[in-house]
Amino acid sequence: MESGKQAVHLEPVQVVALLADVRESLGVLAVEKEQTIDVNCAEGLVVTADRPLLRQALLNIVHNAIRYAPSQTRITVQASRREGATVIEVADEGPGIAPEHQEKIFDRFYRVDKARSRAEGGSGLGLAIAKWSVQHQGGQIEVESEVGKGSHFRIVLPARLESQT
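Keep in mind that what you see is a predicted model, and the values were worked out from it rather than measured.

(A) A look at the environment of Ile37. Counting through the fold element by element, Ile37 comes out in strand β2 (residues 36-41). Given a relative accessible area of 9%, Ile37 falls into the buried group. In this structure, the C-alpha to C-alpha distance between Ile37 and Arg23, residues 14 residues apart in sequence, is 6.7 Å. Not counting residues up to four positions away in its chain, the partners in contact with Ile37 are Arg23, Leu26, Ala30, Val62, Ile66, Ile75 and Val77.

Here is the structure:
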């Protein structure tokens, strides 16, 4: 990715279909933890994006929500149009992220819990990849989180005219 050889191919993407694909891809993991993934998206919402890159970003964020949220909780994925931008949000009922970690979690190999083994907690690349994927489409990724109350990730993609793709 860092070599610049990964081309970004912008095209119209049906957001409801993309979110359904992400839910289906990770559904078995959520079922194992007795979690529910709710998807809320207006039919017909289209974003101009690189579908595989956006899908990967969402997979990484939702996978983290499943991993860190307790059993029998709800993960909400929703998309809407706001002020001309497309906003995709993922909210969980997990342990939350302390303020001092919130900016660093998007850095490569950064892990909030250094004591956790890589086998249990991943490589620390998922959110870095998500950030890269979103930024290379002209968007931004944000997090709001409160310890003990869960996390809320937001992907904001700019509005584009279809003729620009």
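Resuming the write-up.
(B) Highlighting the confidence of the model for the protein. Taken residue by residue, the protein gives an average pLDDT of 85. The fraction at 70 or more is 81%. In this model residues 161-165 is a low-confidence stretch, pLDDT under 50, and it forms six contacts with partners more than four residues away in sequence or in other chains.

(C) Structural context of helix α5 (residues 126-135). Turning to α5, its buried residues are Leu127, Ala128, Ala130, Trp132, Ser133 and Val134. Each element contacted by the buried residues of α5 is listed here: α2 (51-68), β6 (140-146) and β7 (150-157).

(D) The arrangement of the sheet that holds β2 in detail. With mixed pairing, the five strands of this open sheet are ordered in space as β2-β4-β5-β7-β6. Looking at strand neighbours, the two that pair on one side only are β2 and β6, the edges of this open sheet. Strand-to-strand, the axes of this sheet are offset by a mean angle of 15 degrees, without reference to chain direction. By the bridge criterion, seven bridges tie β6 to β7 in an arrangement that is antiparallel. Bridge pairing links Glu142 to Arg154 in β7.

(E) Focus on the nonpolar core. Within the largest apolar cluster, 35 residues are counted, with the highest numbers of intra-cluster contacts made by Leu54, Leu58, Ile88 and Ile155. The biggest single contributor to this core is α2, with eight residues. The contacts of Leu58, once residues within four sequence positions are left out, are Leu18, Leu19, Val22, Ile88, Val90 and Ile155.

(F) Region of interest: helix α1 (residues 15-32). Across its 18 residues, α1 extends 26 Å between first and last C-alpha, which sits within 8% of the 26 Å expected from 1.5 Å per residue. At Leu26, α1 is deflected by roughly 55 degrees, the largest bend along its length. For α1, every residue scored as buried is listed here: Val15, Leu18, Leu19, Val22, Leu26, Gly27 and Ala30. Looking at the buried side of α1, the elements it contacts are β1 (11-14), β2, β3 (46-49), α2, β4 (74-82) and β5 (85-91).

(G) Geometry of unusual backbone geometry. With a phi angle near 55 degrees, Glu34 is a residue other than glycine that sits in the positive phi range. Tracing the backbone shows Glu34 in the loop between α1 and β2. Residue classification places Glu34 among the exposed positions, given a relative accessible area of 52%.

(H) Spotlight on the pattern of salt bridges. Evaluated as defined, the whole model comprises eight salt bridges. The salt bridge involving Arg154 is made with Glu142; its shortest N-O contact spans 2.9 Å. Of this pair, Arg154 sits in strand β7 while Glu142 sits in strand β6, placing them 12 residues apart in sequence. The class of Glu142 is partly exposed, set by a relative accessible area of 25%. Between Glu144 and Arg154 there is a salt bridge, and its shortest N-O distance comes to 3.0 Å. You can see Glu144 sitting in strand β6 and its partner Arg154 sitting in strand β7, a full 10 residues away along the chain. Three or more residues are tied together by salt bridges with common partners; here these are Arg82, Glu89, Glu142, Glu144 and Arg154.

Conventions we followed
Residues numbered from 1 in each chain as written. Predicted model: local features only at pLDDT ≥ 70, side-chain atom pairs only at ≥ 80, totals over all residues. Heavy atoms only, no water. Helix = DSSP H or I, 4+ residues; strand = E, 2+ residues; numbered from the N terminus. Buried < 20%, exposed > 50% of the residue type's maximum accessible area, 1.4 Å probe, protein only. Contact = heavy atoms within 4.5 Å. pLDDT = per-residue confidence, 0-100. Pairing = 2+ DSSP bridges. Axes fitted to C-alpha atoms, helices over the stretch in contact; angles between N-to-C directions. Core = buried A, V, L, I, M, F, W, Y, C linked by side-chain atoms within 4.5 Å. Expected span 1.5 Å × (residues − 1). Bend = angle between axes of the 7 residues up to and from the residue. Salt bridge = Lys/Arg side-chain N within 4 Å of Asp/Glu carboxyl O.

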